[in-house]
Amino acid sequence: MSEEKYIPNSKIGQWFDSRLPLLTLSAHLREYPTPRNLNYWWTFGGILTFFLITQIVTGVILAMYYVAHSDLAFESIEHIMRDINYGWLIRYVHANGSSMFFLAVYIHIFRTLYYGSYKSPREVIWITGLIIYLFMMVTAFTGYVLPWGQMSFWAATVITNLFSAIPLIGENITEWLWGGYSVGNPTLNRFYSLHYLFPFLIFGLVILHIWALHVPGNNNPVGIDVKKNNNETVSFHPFIVMKDLFALLVFLIIFFIFVFFAPNVLGHPDNYIVANPLVTPSHIVPEWYLLPFYAILRAIPSKLGGVIFMFASIFILMLLPWLDTSKVRSATFRPLYKKFFWILVVTVILLGYLGAKPPEGIYLILARIATIYYFVHFLIILPLLGRYEKTSPLPLSISDPVLNKPDIVDKFKKIVGEYEGENVDSFK
Amino acid sequence: MLIRLNSFLINIIFFIFISVISNPAYSEEKNVDLLKINWSFKGLLGTFDRSSLQRGYQVYQEVCSACHSIQYLSYRNLSEKGGPEFSEEEAKAIAAQFEVLDGPNSEGEMFTRSGRLSDKFVKPFPNVEAATAANGGAYPPDMSVLAKARKGGADYIYSLLLGYEDAPAGYELDDGVYYNKYMTGQKIKMLKPLSDGAVEYSDGTQATEAQMAKDVATFLTWAAEPHLEVRHKTGVRAILYLIVLIILVYFSMKKVWSRVDSKDDLEQQEDTFDKVEKWTTQYEGDDPKSFK
Ligand code: HEM
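Residues numbered from 1 in each chain as written. Chains lettered and ligands numbered in written order. Predicted model: local features only at pLDDT ≥ 70, side-chain atom pairs only at ≥ 80, totals over all residues. Heavy atoms only, no water.

Caption draft 1: Highlighting the coordination of the iron atom of the ligand. Residue and element names in this part refer to chain A. With distances of 2.1 to 2.3 Å, the protein atoms coordinating the iron atom of the ligand are H108 (NE2) and H209 (NE2). Seen from the iron atom of the ligand, its 6 donor atoms lie at angles of 77 to 179 degrees, and the figure they make is octahedral. Residue H108 is located in helix α5 (residues 87–115), and its partner H209 is located in helix α9 (residues 185–214); the two are separated by 101 residues in the primary sequence. Each of the two residues, H108 as well as H209, counts as buried. (Donors = N, O, S within 2.8 Å, 3.2 Å for Na, K, Ca; no water. Tetrahedral: all angles 85-135°; square planar, octahedral: opposite > 155°, others 65-115°. Helix = DSSP H or I, 4+ residues; strand = E, 2+ residues; numbered from the N terminus. Buried < 20%, exposed > 50% of the residue type's maximum accessible area, 1.4 Å probe, protein only.)

Below, the structure written as structure tokens:
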């Protein structure tokens, strides 16, 4: 996107770059013009990239010692925790890293919702992002099964059983997923295989995601297009790199607190009990980041209905760019949307809370209301807002938001205009 | 301003969110509040109390190991740093007390020999079924990670050991089932394992029930998390290092950005002046009078 064509300095560089333009790519990444008014909610893309790489690196190391067999998996993890040098560190980083990854992705997604970054021309960035998110859930779920503790086993049982709700072929699909007549060693093996595969699919998708980002460029907190190549943008390196790095380091503090001082609070104690098909835990709960979907699943009275609504809750997001018909991107200039945005945030957190509670009494009622509201937000409120909301006036450019200092040049122009009007001839 | 307010709100939501996910959500069975102790291993720099660990090992060995295994601990762990830190000789002597099944030898026979440092803790029963059968149909869980497998960890084990009581009047208890107020459902199939003086401590500590419970809970916490001390130490170091790095990066970031921030303000001002100047000179040059 840089205006002049990049030419490497050295001869070798030129030779290589004309055959495989990696240097041009790197120059493009360094110079990539980024709006200068991005706030810290924009640093989570970089944080996500860091965590993806962290998961892959620690995961590959764990895979050197992990044994994917239902009789040995639990023991092999204890071996890693006890006998491998810094094995405990690798494992705790990997386990808590996935929680941080999801925390970051949720912030990243809600950032997108707030600033309307999913709108034209960024629909494809949004959709690749959602596919990444779906793949992250597959990866996290298959990963959770690997230690072969009680929650691993029973979460796998509950989730794979969902497919049996599909009419006619459901039972067959479930058995096909299991590789047998119940969750067992074959299930563990195929989950391991998938758990190794998916992060690399995600990696590929992230490349597409960023590629798609670099076509229109970043959105920004004001939500209007920036004019490239003037003082409204800065080059990615060093400005954004430094800012992302700073934000990442601050985020790492939270991460380190979990890894070193509370490595097990985000997990479930039952997963330190080896899987036992004969003993059902009193409450089967997924990891925290999947709880909202679990709540939706159980809020619907029929199994098939629950499954449909659960998947619909994600796929509806794919349609978001077309459901939200407002032309204004940033919530800053959409007084009503802003309120509904926060209600949605609260609804999703409430769903997460309810996902951890037994589906009975007040919990079930609340879960149903929250589920209905979730869909109402996207299917009814957003289209109506697009039509009826009165948005505040947009600034002319990101550097002189109307909210900010009055525009001197404009004022002066006006004065000049008055003279012009009065005595046009005297100027020529 | 609005954006500030929103980040503030998001922070609040974030913290509510963290507190929601990190504790009450998973705890369904509401048990009686656990007895709480000031464990030496809690906190940022928490370390184990060595002598408590050694006494805890004694309690485990003399009482609990009749029924409970610790299959993932090896005798060498007893002399490793961050654990009970018996001397290597002591650990060897401990290992040597046990008969270990080994083999097959060159004749294809299994044989027993005395334990070595590299051996895993010898189990009281050959398998889960044997352990269950010998304990009236209840499996005494392996203790390798027991402290992590129960909500409340050390507090829970401590409370459970002190939680035996006479069942309330009219409470039905089958044979071999005992009333314990901290157990799920208040029914446990483990006979009260500790009573005052159940072991004799060589360091002169009074072997009261509470003391033994505390020692064995400490030992089991270490057994479940043998690298806890290194973890704490590494954590404090890593975070201090991170803070220094954050400060450095913060100032470099400010420096880098000052290039655009100040340049920009200046540029904008200059821009404005330029324009103003241009217009004024236009007027002035052409017809200065038209201004008055
Ligand atoms: C592995 C997970 C992901 C990685 C590594 C990643 C990475 C990035 C990066 C580096 C950026 C540019 C910086 C930024 O705006 O923060 C970005 C932008 C974006 N991401 Fe993601 N992302 C991930 C997942 C997602 C998901 C799950 C979604 C939405 C469902 C999403 C939606 C977007 C959108 C719409 C943008 C453009 C925002 C803008 O205009 O700046 N991303 N992503």
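Caption draft 2: The arrangement of the packing of helix α11 (residues 291–299) of chain A against helix α12 (residues 303–318) of chain A in detail. Residue and element names in this part refer to chain A. For the pair α11 and α12, the least separation of the axes is 7 Å and the interaxial angle reads 145 degrees. For the pair α11 and α12, the sense of crossing is right-handed. The residues of α12 that touch α11, namely those facing F293, I296 and L297, are G306, V307, F309, M310, S313 and I314. Within the contact of α11 with α12, the residues separate by chemical class into 7 nonpolar, 2 polar and no charged. (Axes fitted to C-alpha atoms, helices over the stretch in contact; angles between N-to-C directions. Left-handed = near helix turned anticlockwise from the far one by under 90°. Contact = heavy atoms within 4.5 Å. Nonpolar A, V, L, I, M, F, W, Y, C, P; charged D, E, K, R; others polar.)

Caption draft 3: The confidence of the model for chain A, seen in detail. Residues and elements named next belong to chain A. When pLDDT is averaged along chain A, the result is 92; 92% of the residues meet or exceed 70. pLDDT under 50 marks residues 401–405. Its contacts with residues more than four places away, or in other chains, come to 5 contacts. A low-confidence stretch, residues 423–428 stays under pLDDT 50, and its non-local contacts, those more than four residues away or across chains, total 6 contacts. (pLDDT = per-residue confidence, 0-100.)

Caption draft 4: Focus on the confidence of the model for chain B. All names here are of chain B. A residue-level look at chain B finds 79% of positions with pLDDT of 70 or above and a mean pLDDT of 86. Per-residue pLDDT stays below 50 along residues 20–30; that stretch engages in 25 contacts with residues further than four places along the chain or on separate chains. pLDDT under 50 marks residues 288–292. Its contacts with residues more than four places away, or in other chains, come to 7 contacts. Across the assembled chains, the prediction reports ipTM 0.87 with pTM 0.87.

Caption draft 5: Geometry of helix α15 (residues 361–388) of chain A. Residues and elements named next belong to chain A. The terminal C-alpha atoms of α15 lie 38 Å apart, and with 28 residues this matches the ideal 40 Å at 1.5 Å per residue to within 8%. Its maximal kink placed at H377, α15 deviates by approximately 45 degrees. Of the positions making up α15, those classed as buried are L364, A367, A370, T371, Y373, Y374, F375, H377, F378, I381, L382 and L385. Next to the buried residues of α15 lie α11, α12, α13 (320–323) and α14 (335–355). (Expected span 1.5 Å × (residues − 1). Bend = angle between axes of the 7 residues up to and from the residue.)

Caption draft 6: Expanded view of the site of the ligand. All names here are of chain A. Around the ligand sit 26 residues in total, of which W42, H108, G129, H209 and N219 are the nearest. The backbone of G45 places a nitrogen or oxygen atom 3.1 Å from an oxygen atom of the ligand. A distance of 3.0 Å is found between an oxygen atom of the ligand and a side-chain nitrogen or oxygen belonging to N218. Split into classes, the residues belonging to the shell around the ligand amount to 14 nonpolar, 10 polar and 2 charged. (Near = heavy atom within 4 Å. Polar contact = N/O pair within 3.5 Å; in protein donor to acceptor, adjacent residues only side chain to side chain.)

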